[in-house]
Amino acid sequence: MTKIRRVRKAVLPVAGLGTRFLPATKAVPKEMLTVVDKPVVQYVVEEAMAAGIEHFVFVTGRNKAVIEDHFDIQVELDDTLRERGKSAELKSLEDMLPKAGATSFTRQQAPLGLGHAVWCARDIIGDEPFALLLPDMVMRDQVGCLSGMVDLYNKVGGNIVAVAECDPAQAHKYGIVGKGEDLDGGFRITQMVEKPEPGTAPSNYYINGRYILQPEIFDILSKQERGAGNEIQVTDAMLKLADQQPFSAYQFGGETYDCGSKAGFILANVAFALDRDDIKSQVFEELKNMIAKA
């Protein structure tokens with residue numbers, strides 16, 4: 001029986017231009033837009049840290065240096081907080097930082113798609129299984145999505161894709177998986193279809209932006225031809241890898257907010273604000289008033 005190797009590293013593709021959020025993203029990376037008081041990318045990093053990830057590989061592009069700065073110490077700010085006795089704020093900054101040497105940044109020099117972004121991380125990941133987290137997708141549940149995926153992976157190995165249920169009438173908008181044998185916390189995947197024609201989807205389980213992949217996918221990506229949008233698609237590479245290795249789905253039962261869309265971003269702000277004791281009551285009352293006037 002092949003030994004299941006531990007998932008220690010995660011890839012976060014953050015090179016996108018964020019055109020759907022212009023003009024806000026003209027000078028500020030979309031990943032640094034805030035949900036309440038934390039950048040979107042920080043929520044994703046915290047989810048990965050809770051799942052035991054030890055090394056974070058950010059695949060960046062031009063004008064993304066602020067992401068690197070965010071996950072570093074800012075000496076002047078720390079000194080000011082310390083002098084003013086703001087220990088809670090100082091601790092929050094310390095807690096959000098990965099350990100020294102636990103972040104790597106590599107460039108995706110051309111916008112050639114998610115598959116190309118993953119391939120750009122190949123030398124840093126090496127011959128290890130790794131997590132892939134799309135930073136636009138912010139998750140909320142008692143147990144983090146990646147933590148649940150790692151638990152399933154440690155039982156069954158192979159490759160894991162997180163899925164959630166959508167309205168069957170909307171399945172043509174997503175990457176959809178076919179449901180096979182039930183597993184503890186998920187099921188075996190029988191097929192993967194990217195945006196199936198209306199009425200042809202094998203299920204209503206859509207891929208929601210979290211993956212655990214084996215390193216053999218890098219060799220496939222190195223030879224992958226461009227697909228939809230004239231880009232190198234990671235789904236195409238996963239389909240080829242599925243001919244060699246098993247794929248399983250982790251059924252995520254929490255909430256997923258697509259912060260790459262305006263509506264999803266706003267809903268994430270509302271949801272996380274209502275989770276905050278310090279602002280919940282004020283936000284709730286104002287929302288009621290707004291809805292009443294709408």
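Rules and cut-offs
Residues numbered from 1 in each chain as written. Predicted model: local features only at pLDDT ≥ 70, side-chain atom pairs only at ≥ 80, totals over all residues. Heavy atoms only, no water. Helix = DSSP H or I, 4+ residues; strand = E, 2+ residues; numbered from the N terminus. Rg over C-alpha atoms; globule rule 2.2 N^0.38 Å. Contact = heavy atoms within 4.5 Å. Areas by Shrake-Rupley, 256 points an atom, 1.4 Å probe, with all protein chains shown as cover. Lys, Arg positive; Asp, Glu negative; His and termini not counted. Charge placed at Lys NZ, Arg CZ, Asp CG, Glu CD. Buried < 20%, exposed > 50% of the residue type's maximum accessible area, 1.4 Å probe, protein only. Polar contact = N/O pair within 3.5 Å; in protein donor to acceptor, adjacent residues only side chain to side chain. Disulfide = S-S within 2.5 Å. Pairing = 2+ DSSP bridges.

1. What to know about the overall build of the chain
The helix and strand inventory of the chain stands at eleven helices and 13 strands. Scaling as 2.2 N^0.38, a compact globule of 294 residues should have a C-alpha radius of gyration of about 19 Å, and the chain matches this with 20 Å. C-alpha atoms of the chain, sized along the principal axes, occupy 60 × 50 × 35 Å. Expressed as a percentage of contacts within the chain between residues at least 6 apart in sequence, the contacts between residues at least 24 apart total 76%. Put simply, the chain shows about 15500 Å² of open surface, and 50% of that area lies on carbon and sulfur atoms. Positive and negative side-chain charges in the chain, numbering 33 and 41 respectively, have mean positions lying 2 Å apart.

2. Observations regarding the side chain of Gln 108
Mapped onto the elements of the fold, Gln 108 is located in the loop between strand S5 (103-107) and helix H5 (114-119). Note on Gln 108: relative accessible area 10%, which makes it buried. For Gln 108, the side chain forms a polar contact with the side chain of His 116, separated by 3.1 Å. Those residues in contact with Gln 108, other than ones at most four positions away along the chain, are Ala 15, Val 59, Thr 60, Gly 61, Gly 113, His 116, Ala 117 and Cys 120.

3. A closer look at the state of the cysteines
Per the counting criterion, the structure on display carries zero disulfides. Distance from the sulfur of Cys 145, which forms no disulfide, to the nearest cysteine sulfur (Cys 259) is 14 Å. Of the cysteine sulfurs around Cys 166, a residue in no disulfide, the closest is that of Cys 145, at 15 Å. Exposure remark for Cys 166: the relative accessible area of 11% places this residue in the buried category.

4. Topic: the pairing of strand S9 (residues 175-183)
As paired elements, S9 and strand S10 (residues 186-194) share seven bridges and run antiparallel to each other. In the strand pairing of S10, Lys 179 is matched with Ile 189. Linking two consecutive strands that pair antiparallel, namely S9 and S10, is a turn of two residues; a positive phi of about 100° is found at Gly 185 within it.

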